[in-house]
Amino acid sequence: MTNAEQPLAGKVALVAGGTRGGGRGIAVALGAAGATVYVTGRSSRAGRSDLERPETIEETAELIAAAGGTGIAVRADHSDPEDVRALVDRIAAEQRGRLDILVNSVWGGDPLTDWEHPLWEQDLDTGLRLLRRAVETHVITSRFALPLMVARKSGLVVEVTDGNTARYRGSFFYDLAKSAVIRLAVAQAAELKQHGVAAVAVTPGFLRSEAMLEGFGVTEANWRDGAARDPHFAHSETPTYLGRAVAALAADRSIMARTGRALATWGLYEEYGFTDADGTQPDWSAHWTNALEEEHGPLGDPL
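Remember, it's a predicted structure, so these values are computed and weren't measured experimentally. (Residues numbered from 1 in each chain as written. Predicted model: local features only at pLDDT ≥ 70, side-chain atom pairs only at ≥ 80, totals over all residues. Heavy atoms only, no water.)

Undergrad: Before we go on, may I ask you to explain the pattern of salt bridges in this structure?
TA: Counting across every chain of the model gives 17 salt bridges. Among the ionic pairs, Glu55 bridges to Arg20, the shortest N-O distance being 2.9 Å. Taken together, the residues Glu55 in the loop between β2 (36–41) and α2 (57–66) and Arg20 in the loop between β1 (12–16) and α1 (21–32) connect sequence positions 35 residues apart. The same class applies to Glu55 and to Arg20, which are both buried. For Asp100, the salt bridge identified is with Arg98, shortest N-O distance 2.7 Å. For Arg98, a relative accessible area of 24% corresponds to the partly exposed category. Several salt bridges converge on common partners, so that one network encompasses Arg20, Arg53, Glu55 and Glu214. (Salt bridge = Lys/Arg side-chain N within 4 Å of Asp/Glu carboxyl O. Helix = DSSP H or I, 4+ residues; strand = E, 2+ residues; numbered from the N terminus. Buried < 20%, exposed > 50% of the residue type's maximum accessible area, 1.4 Å probe, protein only.)

As structure tokens, this is what we get:
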């Protein structure tokens, strides 16, 4: 492949939480663009996490290879500092201290999210566990991975979130987690700027993840049938779309101009020209304006 086809050739990436969903889409896209991608998570062929999902880090690594890249699956619990320290030490040893792209995509909060009750009626232990899983894991991972970037005075940190505005996201702990992740990007950007390292938050639109397809009772092959149940599903996007957005950011030599910002697939596709897996360019913001704003109000200005 040419340099234009693989603009990230020679780069090293760590996608924390690359087992499924947006993390998997990002890992595969970075690999397709030429990066060596370390894919981490708790779901492995050696054993499933407590989410009991069938997807594994090894499958993601194989998808990266099928896309023409190099994927390295490493089982790691990102809530365990010693696990993350060992992971980063391994990357440093195998890649001669190089790490160019860090993607914090650990989530695992779906079964912990209570969409029905306000804070004062929710189970406190469950809500705090969601925050530990969805926010503390990102902090721990950055704590150990950032020194590799700082030492080389280059790199990109991507915090994967849901929404790029201050709009309330429908559930107290979910909203707090996703908003906090944006703030992680802002804070890291402020501290990393003098070292030439950028940090951004990135959100997809209506993400057609494995779990979402399952919930709608469809597969990627017949996903449009899900629109009969929810017409908004027709405007969803695959994890590939988010992955290509992140790959475009990672290849942008002017990325420091964006540091500290909360970005979205629906704005980035217009700037970089990437498409979803089927060649379309979903725009969740435009759909919201046309179909949802009257009932739910504006989606909100980007942070």
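Undergrad: Just checking my understanding: could you explain the sheet that holds strand β3 (residues 70–75) for this structure?
TA: Two orientations exist for strands paired in a sheet by backbone hydrogen bonds: parallel and antiparallel. Spatially, β3-β2-β1-β4-β5-β6-β7 is the arrangement adopted by the seven strands of the open sheet, whose pairing is parallel. Of all the strands in the sheet, the pair left with one neighbour each is β3 and β7 (262–264). Neighbour-to-neighbour, the strand axes of the sheet open up by a mean angle of 20 degrees, direction not taken into account. Two strands pair when backbone bridges link them, and strand β5 (residues 155–160) and strand β6 (residues 197–203) are joined in this way by six bridges, in the parallel orientation. When the sheet's bridge partners are listed, Gly155 is paired in β6 with Val197. Sheet strands touched by α1: β1, β2, β4 (101–104) and β5. Its angle to β1, the strand with the most contacts, is close to 170 degrees. Sheet strands touched by α2: β2 and β3. Its angle to β3, the strand with the most contacts, is close to 170 degrees. (Pairing = 2+ DSSP bridges. Axes fitted to C-alpha atoms, helices over the stretch in contact; angles between N-to-C directions. Contact = heavy atoms within 4.5 Å.)

Undergrad: Got a minute to help me understand the pairing of β4 in this structure?
TA: Here is the key point about a regular strand: its side chains alternate between the two faces of the sheet. Where burial is concerned, the two faces of β4 agree: the one with Ile101 and Val103 and the one with Leu102 and Asn104 are both buried. Sheet analysis places β1 next to β4, joined by four bridges and oriented parallel. Bridge pairing in β4 places Ala16 opposite Asn104. Across four bridges, the pairing between β4 and β5 is parallel. Within β5, the residue paired with Val103 across the bridge is Val158. Handedness of the crossover joining β4 and β5 through helix α4 (residues 124–152): right-handed. (Right-handed = clockwise from strand over helix to strand, strands pointing away.)

Undergrad: What am I meant to see in the environment of Leu63 here?
TA: Within the secondary structure, Leu63 sits in helix α2. The partly exposed category is assigned to Leu63, whose relative accessible area is 40%. As for Leu63 and Val28, which are separated by 35 residues in sequence, their C-alpha atoms are 6.4 Å apart. In this structure, Leu63 is in contact with Arg24 and Val28, ignoring residues within four places of it in sequence.

Bear in mind that shape data such as this cannot, by itself, settle questions of function.
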